[in-house]
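Structure at a glance
For reference, the chains in residue letters:
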Amino acid sequence: MHTQMRTDVIVVAAGSGQRAGGGLPKQYRLLGGASVLRRTLLRFLGQPGIRRVLPVISPEHAPLCAAALAGLDGVMPPVAGGATRQASVRAGLEALAQDPPDLVLIHDAARPFVSARLVADAIAAAAAHGAAVPALALVDTLKAVAEPGFLASGPDRDGVRSVQTPQSFRYDLIRAAHRAQAGANDLTDDAAVAEAAGHRVASFAGDPTNIKLTTPEDFVTAERRLLAELADVRTATGFDVHAFGPGDHVVLGGLRIPHAFGLAGHSDADVVLHALTDALLGTIGAGDIGHHFPPSDPQWKGAASDQFLAHAAGLVREARGRIAHLDATVICEAPKIGPHREAMRQRIAAIVDVPLARVSVKATTSEQLGFTGRREGIAAMAAATVRLPWVD
Ligand code: CTP
Ligand code: MG
């Protein structure tokens, strides 16, 4: 029955993340290469039964939010939150009033690990009970603070629960409750708002991994957890050669380097970026550069090769992979690579959008042996290491 119900999600992200520290508000900090808010929104997008997802943000953070939402389909334009979480939720509820849903899930942006099971259970529980929260039993014994530095017996552990989000409600019920409680101090969750308005709040099983990122340590733990999921470490190689031809410069590693010859090729003949592109494609079994950018296609004539490398890096990201390392070796007698090596690293790191420390560029001659030794052209070898989720 409830599958026909229209369900919207409010993701509250208007806080300032004081306890998490760091330069950015916690919901905009990167976690495993994507912002926390983006990760949280992605967990709801494409879930069965979800109609719309509404972020509630601080207007001060609008540029950060725009970056977090870039390219996401199905997210409503963000609305402005308030000075407390309670006020932010209320703003979200009012923003849905034009085209009200039957059910609403209210979720903290700071909980990016919310699972499909929790979302499904939240929908079902709201449909059945009108108000419901994910709850967990406590493992530690509770004490009351008797006076500063001293404790006294606290409530029985078995008689209490800790609660998470998404909390789920019939929309009319929670909107009316929030309106009625608008004068209250900060009620830190929506179950408290529903209860203050006289409703019974049901519970369903929470998920211990659905943590709310709160402290700096939470970020360290979360980063480790995401990295542990990327257990499929792949290494692949690439190789490319271009012959010298007429010209006054070569393009290597994305840099224009003056030289007595040019390199012949359909594109800009950047052997370094071509070898790196093939290496990256190799890590995800995505063919080779000629497959993606056929030399027979006139649009790649004279093309700058950074777009080939950026495309390969994009495919790795689409496969939910992270680039751990790129390594290239240029093989030629001339021009001298040493003076350009650092700039090449920087250029490559910028193209694939990884920290500089994850890119290495080296060069060697071939002791005047072979075609490179005879100065007939330049060769490059590359290796790429990528971490992917282990899926089979
Ligand atoms: N929140 C909000 N509007 C507020 C305060 C909080 O939308 N005025 C949101 C936060 O962005 C967060 C969620 O409510 O996603 C849970 O709040 P909390 O973890 O306390 O986040 P912050 O208030 O940002 O952090 P802190 O309390 O450490 O400052
Ligand atoms: Mg707070």
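Here the residue index of a chain counts from 1 through its sequence in written order. Lettering for chains starts from A, numbering for ligands starts from 1, and both go in the order in which the items are written. Where totals are concerned, whole chains, interfaces and linings use all residues; where local detail is concerned, this predicted model gives features only for residues with pLDDT of at least 70, and gives and counts side-chain atom pairs only at 80 or more. Side-chain measures here rest on the full set of heavy atoms in the structure, leaving out hydrogens and waters.

**Things to note about the packing of helix 1 (residues 36-44) against helix 2 (residues 62-69)**
Orientation of helix 1 relative to helix 2, taken along the N-to-C sense of each, is 45°, at an axis distance of 8 Å. Between helix 1 and helix 2, the crossing angle belongs to the class labelled oblique. Of the two possible hands of crossing, helix 1 and helix 2 adopt the one that is right-handed. For the pair helix 1 and helix 2, the contacting residues are Leu37, Arg38 and Leu41 in the first and Cys65, Ala67, Ala68 and Leu69 in the second. In this analysis an axis means a line fitted to C-alpha atoms, helices contributing only their contacting stretch, and an angle means the value between N-to-C directions, from 0 to 180 degrees. A helix here means a DSSP run of H or I that spans at least four residues, while a strand means a run of E at least two residues long, and both kinds are numbered starting from the N terminus. To sort the angles, those under 35 degrees are grouped as roughly parallel, those over 145 as roughly antiparallel, those from 65 to 115 as roughly perpendicular, and the leftovers as oblique. Each helix crossing is assigned a hand: it is left-handed if the near helix lies turned anticlockwise from the far helix by less than a right angle, otherwise right-handed if that turn is clockwise. By definition in these notes, contact holds between two residues if any of their heavy atoms fall within 4.5 Å.

**What about helix 2?**
Burial here depends on accessible area, computed with a 1.4 Å probe over protein chains only, as a share of the maximum for the residue type. Under 20% is buried, over 50% is exposed, and the range in between is partly exposed. The set of residues buried in helix 2 consists of Cys65, Ala68 and Leu69. Viewed end-on, helix 2 has its buried residues packed into an arc of 90°, placing them on one side of the element. Away from its buried face, by an angle of more than 90 degrees, helix 2 presents the exposed residues Pro63 and Ala67. Buried residues along helix 2 sit against strand 3 (34-35), helix 1 and strand 4 (50-57). Directions from the helix axis toward the C-beta atoms define the arc.

**Focus on the pairing of strand 1 (residues 7-13)**
Within strand 1, seven of the seven residues are buried, leaving the element largely enclosed by the surrounding structure. Residue alternation in strand 1 divides its side chains into two sets, Thr7, Val9, Val11 and Ala13 and Asp8, Ile10 and Val12, and both sets are buried. Of the strand pairs in this sheet, strand 1 and strand 6 (residues 103-108) are connected by six bridges, and their pairing is parallel. Opposite Ile10, over in strand 6, you have Ile106 as the bridge partner. Taken together, the seven bridges between strand 1 and strand 4 define a ladder with parallel strand orientation. When the bridges of strand 4 are listed, Ala13 appears paired with Ile57. In short, DSSP must find at least two bridges between two strands for them to pair.

**Regarding the packing of aromatic side chains**
Working definition: rings of Phe, Tyr and Trp (its six-membered ring) pair if their centres are within 6.5 Å, and the pair is stacked with planes under 30 degrees apart, edge-to-face with planes over 60 apart, and tilted otherwise. A full pass over the atoms with the stated rule returns four aromatic pairs. Note on Phe293 and Phe308: the rings are 4.4 Å apart at their centroids and 35° apart in plane angle, and the pair reads as tilted. Here Phe293, found in the loop between helix 9 (289-292) and helix 10 (306-318), pairs with Phe308, found in helix 10; they are 15 residues apart in sequence, far enough to count as distant. Considered together, Phe293 and Phe308 belong to a single accessibility category, that of buried residues. Taken together, the aromatic side chains of Phe293, Trp300 and Phe308 make up a single cluster linked through ring pairs. Directly above the ring of Phe219 sits Arg29, whose terminal nitrogen or CZ lies 3.8 Å from the centroid. Lysine NZ or arginine CZ positioned within 6 Å of the ring centre and within 35 degrees of the ring normal marks a charge as sitting over the ring.

**Comments concerning the nonpolar core**
Throughout this description, the term nonpolar core refers to a set of buried Ala, Val, Leu, Ile, Met, Phe, Trp, Tyr and Cys residues connected via side-chain atoms within 4.5 Å. Formed by 41 residues in total, the largest nonpolar core has its most connected members in Leu252, Val272, Leu276, Leu280, Ile323 and Ile348. Looking at this core, the elements with two or more residues in it are strand 14 (249-252), strand 15 (255-258), helix 8 (271-283), helix 10, strand 17 (322-331), helix 11 (341-352), strand 18 (359-364) and strand 19 (377-388). Looking at which element gives the most residues to this core, the answer is helix 8, with eight residues. Those residues in contact with Leu252 that lie beyond four places of it in its chain are Ile257, Leu263, Asp270, Val271, Val272, Val330, Ile337, Met344 and Ile378. In terms of nonpolar packing, the next biggest core, distinct from the first, is built from 30 residues, Val11, Tyr28, Cys65 and Ala122 among them.

**Observations regarding helix 3 (residues 85-95)**
Within the sequence span of helix 3, burial applies to Arg85, Gln86, Ser88, Val89, Gly92 and Leu93. Seen end-on, helix 3 carries its buried residues on one side only, within an arc spanning 160°. In the core, the buried residues of helix 3 are packed alongside strand 1, strand 4, strand 5 (79-80), strand 6, helix 5 (171-180) and helix 6 (190-196).

**Let's talk about the sheet that holds strand 17**
The five strands lie next to each other as 16-13-19-17-18, forming an open sheet whose pairing is mixed. The sheet terminates laterally at strand 16 (262-263) and strand 18, the two strands that pair on one side only. Here two bridges tie strand 13 (residues 232-245) to strand 16, and the two strands are oriented antiparallel to one another. By the bridge assignment, Phe244 is partnered in strand 16 with Leu263. With respect to the sheet, helix 8 is in contact with strand 13, strand 17 and strand 19, its orientation differing from that of strand 13 by roughly 155°.

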